[in-house]
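Topology and contacts: notes
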Amino acid sequence: MLTGILLLLYYRPGANEAYESVQYIMTRVQFGWLIRSIHAWAANLMIFTAFVHMFSVLFLKAYRKPRELTWVTGMLLLFLVMGFGFSGYLLPWNTLAFFATKVGTEMAGQVPFVGKAMMIFLRGGPEVTGATLTRFFGFHVAVLPGLVTVLIAMHLFFVQRQGMSVPPKIEAEWIENPSARREMKFFPNFALREMMAWYVAMGVLGALAAFFPWNLSTKADPFVSAPAGIKPEWYFLFMFQTLKLIPSKVWFVDGEVLGILGCSMAGLLWMLLPFFESDKAGRSKAWITGLSVFALVYVVGMSVYGYLAQ
Ligand code: HEM
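Here the structure is a predicted model, which is why all the values come from computation and not from measurement. (Residues numbered from 1 in each chain as written. Predicted model: local features only at pLDDT ≥ 70, side-chain atom pairs only at ≥ 80, totals over all residues. Heavy atoms only, no water.)

**Observations concerning the overall build of the protein**
The helix and strand inventory of the protein stands at 12 helices and two strands. When the helices and strands of the protein are read in sequence order from the N terminus, they spell out α-α-α-α-α-α-α-α-α-α-β-β-α-α. With respect to the principal axes defined by its C-alpha atoms, the protein has extents near 70 × 55 × 35 Å. Counting over 310 residues, the protein shows a buried share of 35%. When contacts within the protein are restricted to residue pairs at least 6 apart in sequence, those whose partners lie at least 24 apart make up 72%. With an accessible surface of roughly 18,900 Å², the protein has 72% of that area assigned to carbon and sulfur atoms. Separation between the mean location of the 24 positive side-chain charges and that of the 16 negative ones in the protein comes to 2 Å. (Helix = DSSP H or I, 4+ residues; strand = E, 2+ residues; numbered from the N terminus. Buried < 20%, exposed > 50% of the residue type's maximum accessible area, 1.4 Å probe, protein only. Contact = heavy atoms within 4.5 Å. Areas by Shrake-Rupley, 256 points an atom, 1.4 Å probe, with all protein chains shown as cover. Lys, Arg positive; Asp, Glu negative; His and termini not counted. Charge placed at Lys NZ, Arg CZ, Asp CG, Glu CD.)

In structure tokens form, the structure reads like this:
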């Protein structure tokens, strides 16, 4: 957020200016290249951390009653931070981002009944043009920040009100032996520990941004053909690779449509997981842990496969 605000001081959203303004930031603005690099790395690390956080609360079963809505607001946050990544990716208006956005919005266009309207809404017209860039800029600096702020406030309000969950096994131990209960003052004890974690995170971010600066590559040209093997950003790869594995026709249904419907259904069911996870006695259903392991292996496995695949 902070580096984004700094970039806004120089960035100009428009098909004739965007690429040049990023080039100006990287070559003429003092530390411009570093601020841009930190922004891009921080964006990717934030999405990665949201996934790690999701799987950690999943395996700690921290979504169980009464934290169902914490999970639901969390899932909405995950979709929104991926939306941040998707909209931000186009803003430098370079070749890769242009064609990745074309592929991504085309997929949205495959959703039955509403797809076409959704694609035209995202693109600001039938094709990816300067209108798409301005629209994505609006999403990135106004719409998404507003939505994320509201959802984070709700998410943290639920955490504050419900307190931190305790994993089932430890909860059982504490009921059996209350003296085993371990607690810590937030200030200063936990806050100091958190401060150390922040230092490490900042160190990693600074090192990545300085040693692997984010490059700009060539300016987008809508009239050239797409480079071979165009792929979306890493956090969409597991879905992209899933769609590639589905044959073009499944019986009389278009394979891509089926794939997109399947991914959307899986996303929706995943968001509703806390509501069907436990039996009447409140015990977690045995297959939930198996499903959690399968989900983790699937997301990581298909992402690596997608990255390595030609
Ligand atoms: C931008 C994204 C997110 C932010 C900033 C965020 C922030 C937080 C924070 C600060 C906490 C309290 C500390 C902790 O338990 O770690 C928390 C708890 C929680 N979050 Fe998130 N979160 C995000 C995304 C998610 C996602 C994607 C999910 C799940 C799909 C999720 C589910 C939960 C749950 C269930 C808790 C309660 C944990 C407990 O009580 O032990 N969050 N979140």
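That covers the picture; the talk isn't over yet.
**So, the packing of helix α10 (residues 237-245) against helix α12 (residues 287-308)**
Direction vectors running N to C along α10 and α12 enclose 75 degrees, while the axes themselves pass 8 Å from each other. What the angle tells us is that α10 and α12 run roughly perpendicular. Contact with α10, carried on its side by Leu237, Phe238, Gln241, Thr242 and Leu245, involves Tyr298, Val299, Met302, Ser303, Tyr305, Gly306 and Tyr307 of α12 and no other residues of that element. For the contact of α10 with α12, a count of residues per class yields eight nonpolar, four polar and no charged. (Axes fitted to C-alpha atoms, helices over the stretch in contact; angles between N-to-C directions. Parallel < 35°, antiparallel > 145°, perpendicular 65-115°, else oblique. Nonpolar A, V, L, I, M, F, W, Y, C, P; charged D, E, K, R; others polar.)

**Re the site of the ligand**
Near the ligand you find 19 residues, and of these His53, Gly74, His155, Met164 and Ser165 are the closest. Between the ligand and the protein, one listed contact pairs a nitrogen atom with a side-chain N or O atom of His155 at 2.8 Å. Within the side chain of Ser165, one N or O atom sits 2.9 Å away from an oxygen atom of the ligand. Elements represented by at least two residues in the shell around the ligand include exactly α3 (32-59), α4 (68-90) and α7 (130-162). (Near = heavy atom within 4 Å. Polar contact = N/O pair within 3.5 Å; in protein donor to acceptor, adjacent residues only side chain to side chain.)

**Things to note about the coordination of the iron atom of the ligand**
Around the iron atom of the ligand, the protein contributes the donor atoms His53 (NE2) and His155 (NE2), at 2.0 to 2.1 Å from the metal centre. Bound by six donor atoms, the iron atom of the ligand shows angles of 87 to 180 degrees at the metal and therefore octahedral coordination geometry. Of the two residues, His53 is situated in helix α3 and His155 in helix α7; the sequence distance between them amounts to 102 residues. His155 gets classed as buried once you look at its relative accessible area, which sits at 13%. (Donors = N, O, S within 2.8 Å, 3.2 Å for Na, K, Ca; no water. Tetrahedral: all angles 85-135°; square planar, octahedral: opposite > 155°, others 65-115°.)

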